[in-house]
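Working through the structure, step by step
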Amino acid sequence: MLIESYSFGRMVIAGEEYRDDLMIFGREVSSDWVRKRGHQLHPEDLTWITRKDPDLLIVGTGSSGRMTVSDESRSFLEDQDIDLWIGNTDEASEYYNVKFEEEGEERIAGAFHLTC
């Protein structure tokens, strides 16, 4: 599923509008994604994604990049053989679409903070 649009606090995926942080894999969207420590991403926040076993996780850190990815998360993903790409959510949503079309839906996952 491609991301049709992103603006602060709003993402449209396959015609469906989302207003909460979310994760995407294949044709599934997990909305209402809440991280254990707010604006910091930790391994326990990635359970839904890691169960899917993607090759690449694209993380959107918000419109201004406020969300950070902990060193523990980076190491955890490396141990799981999942590549990581991090950028603000505008850049990340565009990159997600490019990689989705290049690699296919069963290889790419996304985790997106939609606000700050």
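Just so you know, these numbers come straight off a predicted model, no measurement behind them.

**Things to note about helix α3 (residues 89–103)**
The terminal C-alpha atoms of α3, which comprises 15 residues, lie 20 Å apart, in line with the 21 Å expected from a rise of 1.5 Å per residue. Among the residues making up α3, those that are buried are Thr89, Ala92, Ser93, Tyr96, Asn97, Lys99 and Phe100. At the N-terminal boundary of α3, the capping side chain belongs to Asn88, with an oxygen 3.1 Å from the backbone nitrogen of Asp90.

**Some thoughts on the packing of aromatic side chains**
Each pair of aromatic rings is reported with the distance of its centres and the angle of its planes. Enumeration over the complete set of coordinates arrives at three aromatic pairs. Between Tyr96 and Phe112, the aromatic rings sit 5.9 Å apart at their centres with planes inclined by 85°, giving edge-to-face as the arrangement. Taken as a pair, Tyr96 in helix α3 and Phe112 in strand β10 (residues 108–112) lie far apart in primary sequence, 16 residues in all. Of the two residues examined, Tyr96 and Phe112, each falls in the buried class. Joined through ring pairs, the aromatic side chains of Tyr96, Phe100 and Phe112 make up one cluster. Residue placement shows Arg35 over the ring face of Trp33; its charged tip is 4.7 Å from the ring centre.

**Examining the nonpolar core**
Most often, soluble globular proteins keep nonpolar side chains buried together rather than apart. In this structure, Ile3, Met11, Ile13, Leu22, Ile24, Tyr96 and Phe112 are the most contacted members of the largest nonpolar core, which totals 16 residues. The set of elements that each furnish at least two residues to this core consists of β1 (3–7), β2 (10–13), β4 (22–25), β7 (56–60), α3 and β10. Here this core gets three residues from one element, more than from any other, and that element is α3. Non-local contacts of Met11, meaning those with residues more than four positions away in its chain, are made with Ile3, Ser5, Tyr6, Glu16, Glu17, Tyr18, Leu22, Thr89, Ser93, Phe112 and Leu114. Counting 14 residues, the second largest nonpolar core, distinct from the first, contains Phe25, Leu57, Val69 and Leu77.

**Focus: the sheet that holds strand β9 (residues 83–87)**
The sheet built from five strands is open, its strands ordered β5-β4-β10-β7-β9 with mixed pairing. Of all the strands in the sheet, the pair left with one neighbour each is β5 (28–31) and β9. Strand after strand, the sheet turns through a mean of 15° between neighbouring axes, direction not considered. Looking at chain direction, β4 and β5 are connected through four bridges and run antiparallel. Following the sheet pairing, Met23 is matched in β5 by Ser30. Contacting β4, β7, β9 and β10, α3 runs over the sheet at an angle of about 165° to β10.

Rules of the game
Residues numbered from 1 in each chain as written. Predicted model: local features only at pLDDT ≥ 70, side-chain atom pairs only at ≥ 80, totals over all residues. Heavy atoms only, no water. Helix = DSSP H or I, 4+ residues; strand = E, 2+ residues; numbered from the N terminus. Expected span 1.5 Å × (residues − 1). Buried < 20%, exposed > 50% of the residue type's maximum accessible area, 1.4 Å probe, protein only. Polar contact = N/O pair within 3.5 Å; in protein donor to acceptor, adjacent residues only side chain to side chain. Phe/Tyr/Trp six-rings, centres within 6.5 Å; stacked < 30°, edge-to-face > 60°. Lys NZ or Arg CZ within 6 Å of the ring centre and 35° of its normal. Core = buried A, V, L, I, M, F, W, Y, C linked by side-chain atoms within 4.5 Å. Contact = heavy atoms within 4.5 Å. Pairing = 2+ DSSP bridges. Axes fitted to C-alpha atoms, helices over the stretch in contact; angles between N-to-C directions.

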